[in-house]
Amino acid sequence: MKNNIGSNTKLILLHPYIQKQGSSNRLLWVLAFISFFTLAFLLTLIYTRESITSYTSVATVSTISGSTNPPLSKAVVRALTHYASNSNNTEHMSYTDIKQIADVLRQCQQPCNLLVFGLTHETLLWKALNHNGRTVFIDENRYYAAYIEEKYPGIEAYDVQYTTKLSEMKELIAAAKEQARNECKPVQNLLFSECKLGLNDLPNQFYEVNWDVILVDGPRGYWPEAPGRMSAIFTAGVLARSKKSGNPKTHVFVHDFNQKVDRITSEEFLCKENLVKSKHMLGHFVIGRMDSNSYHFCRNHI
């Protein structure tokens, strides 16, 4: 029997190496799995930390540079005015006139709001000199305004339709003075104005801006049928007196001040007592904010 049993029985031996090999493979897989996710977590943590640090640094630099961005240096302003005034363009401003405006812009509290009537040879210059502020241009030629905006994307320009004629200056001034308590008040929201000299067809947000500096260098006004600058000068005076906040004073410059029409209209709506300087072709007025119940543009109108 023993022999039978011995001959029929199969002896199976489990070698320790086989058992260890299976356990080791499973252990290696577990370790590899844990190592992979640990590495992925560390990489994600490092990347996130660097991203947050980088974002914080950029935000801090942006905040600091935005709050302490200085005006253009005198050397840069001098260079810009020099080259602009020495252009071959026959219609450019003189160095003396440009410098007066540049000096005021450099001293303007930032951000400075500059409004310019007329797209001229100096358009890019005014934009550059007021590099920390907002500069808006108004022109009577809609096609030229669109062309300038397309050519120079940083320029903000609007076209406006003037309904006045140079030959009607006396009648327009007289009518505005007679209606100073109604449609042509010196303090009003021009968006709702019915005054013929007031410009009321510009974008709504235009009338909400507190303009610090206004330059009247347009529209054209050299022949009887030309629109003249009566509306631009009247509008500049109303905008200056109607400021809601910010600096209570507004600098208003009138180019071609030596022209009779421009000088007379300025004296009526910007007022002689506000004229601080008149040199070459430029008149410089400083106009203060007025009470909403005021009905007189100048002291001599009282």
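Residues numbered from 1 in each chain as written. Predicted model: local features only at pLDDT ≥ 70, side-chain atom pairs only at ≥ 80, totals over all residues. Heavy atoms only, no water.

Draft legend 1. Focus on the overall build of the protein chain. When you go through the protein chain residue by residue, the secondary structure sums to 9 helices and 7 strands. Counting across all 302 residues of the protein chain, residues that qualify as buried make up 39%. (Helix = DSSP H or I, 4+ residues; strand = E, 2+ residues; numbered from the N terminus. Buried < 20%, exposed > 50% of the residue type's maximum accessible area, 1.4 Å probe, protein only.)

Draft legend 2. Structural view of the packing of aromatic side chains. The tally for this structure, following the rule as stated, stands at 7 aromatic pairs. Centre to centre, the rings of Phe 234 and Phe 297 are 5.6 Å apart; their planes meet at 55°, and the pair counts as tilted. One end of the pair, Phe 234, is in helix α8 (residues 230–241); the other, Phe 297, is in the segment after β7 (282–288), and 63 residues separate them in sequence. Across this residue pair, the class does not change: Phe 234 and Phe 297 are buried. Ring centres of Phe 269 and Phe 297 lie 5.1 Å apart, and the angle between their planes is 75°; this geometry places the pair in the edge-to-face category. Taken as a pair, Phe 269 in helix α9 (residues 260–271) and Phe 297 in the segment after β7 lie far apart in primary sequence, 28 residues in all. (Phe/Tyr/Trp six-rings, centres within 6.5 Å; stacked < 30°, edge-to-face > 60°.)

Draft legend 3. Just α8, in detail. Along its 12 residues, α8 runs 17 Å from first to last C-alpha, staying within 8% of the 16 Å computed at 1.5 Å per residue. For α8, a buried count of 12 out of 12 residues is recorded, marking the element as mostly surrounded by other parts of the structure. On its buried face, α8 sits against β1 (113–117), α7 (169–178), β4 (213–216), β5 (249–255), α9 and β7. (Expected span 1.5 Å × (residues − 1). Contact = heavy atoms within 4.5 Å.)

Draft legend 4. Region of the structure containing the sheet that holds strand β6 (residues 275–279). The 7 strands lie next to each other as β3-β2-β1-β4-β5-β7-β6, forming an open sheet whose pairing is mixed. Every other strand in the sheet has two partners, leaving β3 (156–159) and β6 as the edge strands with one partner each. Neighbour to neighbour, the strand axes of the sheet diverge by 15° on average, direction disregarded. Where β5 and β7 come together, 7 bridges link them in antiparallel fashion. What sits directly across from Val 254, in β7, is Gly 283. (Pairing = 2+ DSSP bridges. Axes fitted to C-alpha atoms, helices over the stretch in contact; angles between N-to-C directions.)

Draft legend 5. Examining the pattern of salt bridges more closely. A full pass over the atoms with the stated rule returns 9 salt bridges. For Glu 140, the salt bridge is made with Arg 220, and the minimal N-O distance between the two is 2.9 Å. Within this pair, whereas Glu 140 is found in the loop between β2 (134–139) and α6 (142–151), its partner Arg 220 is found in the loop between β4 and α8, the two being separated by 80 residues in sequence. For the salt bridge of Asp 212 with Lys 243, the shortest nitrogen-to-oxygen distance reads 3.3 Å. Here Asp 212, found in the loop between α7 and β4, pairs with Lys 243, found in the loop between α8 and β5; they are 31 residues apart in sequence, far enough to count as distant. Here the salt bridges share partners, and the residues they tie into one network are Asp 217, Arg 229, Asp 256 and Asp 262. (Salt bridge = Lys/Arg side-chain N within 4 Å of Asp/Glu carboxyl O.)

Draft legend 6. Here's a closer look at the side chain of Thr 123. Residue placement: Thr 123 occurs in helix α5 (residues 123–129). Non-local contacts of Thr 123, meaning those with residues more than four positions away in its chain, are made with Phe 137 and Ile 155.

Draft legend 7. Fine view of helix α3 (residues 74–85). Helix length check: α3 (12 residues) gives 16 Å between terminal C-alpha atoms against 16 Å at 1.5 Å per residue, within 8%. Taken as a whole, α3 has its buried residues at Val 77, Thr 81, Ala 84 and Ser 85. Buried residues of α3, seen end-on, are gathered within an arc of 90° and therefore sit on one face of the element. (Arc of directions from axis to C-beta.)

Draft legend 8. Geometry of the confidence of the model for the protein chain. Of all residues in the protein chain, 75% attain a pLDDT of 70 or more, and the chain-wide mean is 82. Below pLDDT 50 for its whole length, residues 1–22 participates in 1 contact with residues either more than four positions away or in separate chains. (pLDDT = per-residue confidence, 0-100.)

Draft legend 9. The arrangement of the environment of Val 104 in detail. Here Val 104 is to be found in helix α4 (residues 95–107). For the pair Val 104 and Asp 212, spaced 108 residues apart in the sequence, the C-alpha separation amounts to 9.9 Å. Apart from the residues lying within four places of it in its own chain, the contact partners of Val 104 are Val 213, His 251, Phe 253 and His 284.

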